[in-house]
Amino acid sequence: MPLLDDSLGLAAQGYSWFPGRWRRAANPDILHTRLMGKRAVGLRGPGAVRFFYDEANVRRHGAIPEPVRGTLFGHGAVHTLDGIDHRNRKLMFLSVLKDPRQVGRLAERAGRAWDDAVPGWAARPEVVLFDETAQVITRAVCDWSGVPLAEADVPRTAADLTSLVDGFATAGPRHWRARRARGRLERWLTGLIEQARLDGDDSVLDQVARHTGTDGRLLPPRRAAVELLNIIRPTVAVSWFVTFAGHALHRWPWLRERLGGGDLEYAVAFAHELRRFYPFAPFVGGVAVRETTFGGERVPKGAMVLLDIYGQNHDERLWPDPYRFDPDRFLGAGPGRDELIPQGGGDPRTGHRCPGEDVTLTLLATLAIRLARLDYAVPEQDLSISLRRIPAQPRSRMLLRVSGSATAQPARVAEHAAPYR
């Protein structure tokens, strides 16, 4: 193992750190380094996905740094569990997020919220696509989940939800905004959990409030609030990809007519390519539970194991011409389960892959069609995307001058949005 720690290199290079290391690595699937004083191995490729999500090789408990737990996931969240405790908690998410009817209802609410918002956008000189999309999805997901939210509270709630995502990978002001936002959101949702246990209904909020652990007991109210937030927060994070959709349609304008035509298969392929092409999660980490090997090389017990998400999604062995934006690569057949991994890999029913992938695809396809049909102009602005900033986004967050929109026909996107074949 090398003696030099490369934590500063990772902090300085962001998404480009792993690709730079791969160019110098002797093995195309595994590399060795040190981060935060610990031995670390980086992995990529479908075989690496299967290795990483095998609990006999890698565990998640104790692997997620406190700054990430304190902002993005929450303390005691499902992401930090392994074994039977993880599978039990995961059932709660699967019952909601893998139900096509629930996914369709959420997408329909998001579509209506978008349509209702457009006249207000047209009345203003400019709007920020990222901010407006976050508010649209916040309205939709709170209504869908049974979380009461006054219209006057939508902007602040949307800002808090996006802060959780925006601040997990930095030690600066964004991080502390995220911590303060998490405190506000958890206190609010804890009160709703407690109330739901007194007079709940059959909402998503109620399902989370009444979920029991492996000991047969209800989750502590604050823990249940953390998990309710882990349904709501990733949904609002789709705002990043809708903003990337605006960036893509501006950069490759010939795609706009085809997407706006409402072909659902193409809309889902477009959503897949957005998630592959644009940077979001750089990697996911765990801890090696035993001395083992991968790719013919040693993986020491206790070493950090990093699955390179951004690198795999741009690996030319999987994606010909990987830095070309091409939705057609996903037409006819979705990606293989362990090939495209923007939300983790493996089986979401048994492992740590995000169970909300169907929601992400369906929301993204639903709103991307509406964006393509929107009558807008793109004013002069800085649309550069820094690979040093995690999570990345266009610097301007996509300014639009909106004139109006074409009528959006109802679209049963959920029926087409399989995350992988």
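Residues numbered from 1 in each chain as written. Predicted model: local features only at pLDDT ≥ 70, side-chain atom pairs only at ≥ 80, totals over all residues. Heavy atoms only, no water.

1. A few points about the nonpolar core
- If you look at the biggest cluster of nonpolar residues, it comprises 80 residues, and the most contacted ones within it are W114 and F270.
- With ten residues, the top contributor of residues to this core is helix α16 (residues 357-373).
- Beyond its immediate chain neighbours, meaning those up to four positions away, W114 contacts W121, L129, T133, V136, V242, L367, R370, L371 and L374. (Core = buried A, V, L, I, M, F, W, Y, C linked by side-chain atoms within 4.5 Å. Buried < 20%, exposed > 50% of the residue type's maximum accessible area, 1.4 Å probe, protein only. Helix = DSSP H or I, 4+ residues; strand = E, 2+ residues; numbered from the N terminus. Contact = heavy atoms within 4.5 Å.)

2. Points about the sheet that holds strand β3 (residues 58-59)
- Spatially, five strands are ordered β1-β2-β8-β5-β3 in an open sheet, and the strand pairing comes out mixed. Either end of the sheet is taken by a strand with one partner, and the two such strands are β1 (30-35) and β3.
- Pairing analysis gives five bridges linking strand β5 (residues 283-288) to strand β8 (residues 304-308), with the strands arranged antiparallel. Counted as the bridge partner of G286 is V305 from β8.
- Docked against the sheet, helix α2 (residues 17-24) engages β1, β2 (38-43), β5 and β8, running at close to 125° with respect to β1. (Pairing = 2+ DSSP bridges. Axes fitted to C-alpha atoms, helices over the stretch in contact; angles between N-to-C directions.)

3. Things to note about helix α7 (residues 129-145)
- End to end, α7 covers 24 Å across 17 residues, agreeing with the expected 24 Å (1.5 Å per residue, within 8%).
- The buried fraction of α7 is high, at 14 of 17 residues.
- Immediately downstream of α7, the backbone of G146 shows phi near 85°, a positive value. (Expected span 1.5 Å × (residues − 1).)

4. Notes on unusual backbone geometry
- Here I390 and P391 are connected by a cis peptide whose omega angle stands at -5°.
- Inspection of the secondary structure puts P391 in the loop between β9 (374-377) and β10 (399-405).
- In this structure, D321 takes a positive phi of about 50° despite not being glycine.
- Mapped onto the secondary structure, D321 falls in the loop between α15 (309-312) and α16.
- Positive phi outside glycine occurs at M398, with the angle close to 75°.
- Residue placement: M398 occurs in the loop between β9 and β10.

5. Details of the packing of aromatic side chains
- Enumeration according to the criterion identifies 19 aromatic pairs in this entry.
- Judged by centre distance (4.6 Å) and plane angle (15°), the ring pair of F244 and Y278 falls under stacked. Linking F244 in helix α12 (residues 238-251) with Y278 in the loop between α14 (264-277) and β5, this pair joins segments that are 34 residues apart in sequence. This pair shows no difference in class: F244 is buried, exactly as Y278 is.
- Between W252 and F325 the ring centres are 4.9 Å apart and the planes differ by 5°, which places this aromatic pair in the stacked class. On the criterion of sequence distance, the pair formed by W252 in the loop between α12 and α13 (254-260) and F325 in the loop between α15 and α16 is long-range, its members being 73 residues apart. (Phe/Tyr/Trp six-rings, centres within 6.5 Å; stacked < 30°, edge-to-face > 60°.)

6. Quick notes on the packing of α7 against helix α11 (residues 221-236)
- α11 packs onto α7 with a crossing angle of 150° between their chain directions and a minimal axis gap of 9 Å. Judged by the angle between their axes, α7 and α11 are roughly antiparallel. Crossing of α7 against α11: the hand is right-handed. Across the interface between the two elements, A134, I137, T138, V141, W144 and S145 from α7 touch I231, I232, T235 and V236 from α11. (Parallel < 35°, antiparallel > 145°, perpendicular 65-115°, else oblique. Left-handed = near helix turned anticlockwise from the far one by under 90°.)

7. Focus on α14
- In a regular helix each residue adds 1.5 Å, so 14 residues correspond to 20 Å; α14 covers 20 Å between its end C-alpha atoms and thus fits that length.
- Judged by how many residues are buried, α14 sits mostly within the fold: 13 of 14 residues are covered.
- At the N-terminal end of α14, a side-chain oxygen is found 3.0 Å from the backbone nitrogen of E265, two or three residues along, and the residue is D263. (Polar contact = N/O pair within 3.5 Å; in protein donor to acceptor, adjacent residues only side chain to side chain.)

8. So, the pattern of salt bridges
- All told, the structure shown has 33 salt bridges when counted by the stated rule.
- Of the charged contacts in the structure, one is a salt bridge between R179 and E66, with a shortest N-O distance of 2.4 Å. In this pair, R179 sits in helix α9 (residues 173-199) while E66 sits in helix α4 (residues 66-73), placing the two residues 113 residues apart along the sequence.
- Ionic pairing is found between R174 and D166, a salt bridge with its closest N-O pair at 3.5 Å.
- Residue classification places R174 among the buried residues on the basis of a relative accessible area of 17%. (Salt bridge = Lys/Arg side-chain N within 4 Å of Asp/Glu carboxyl O.)

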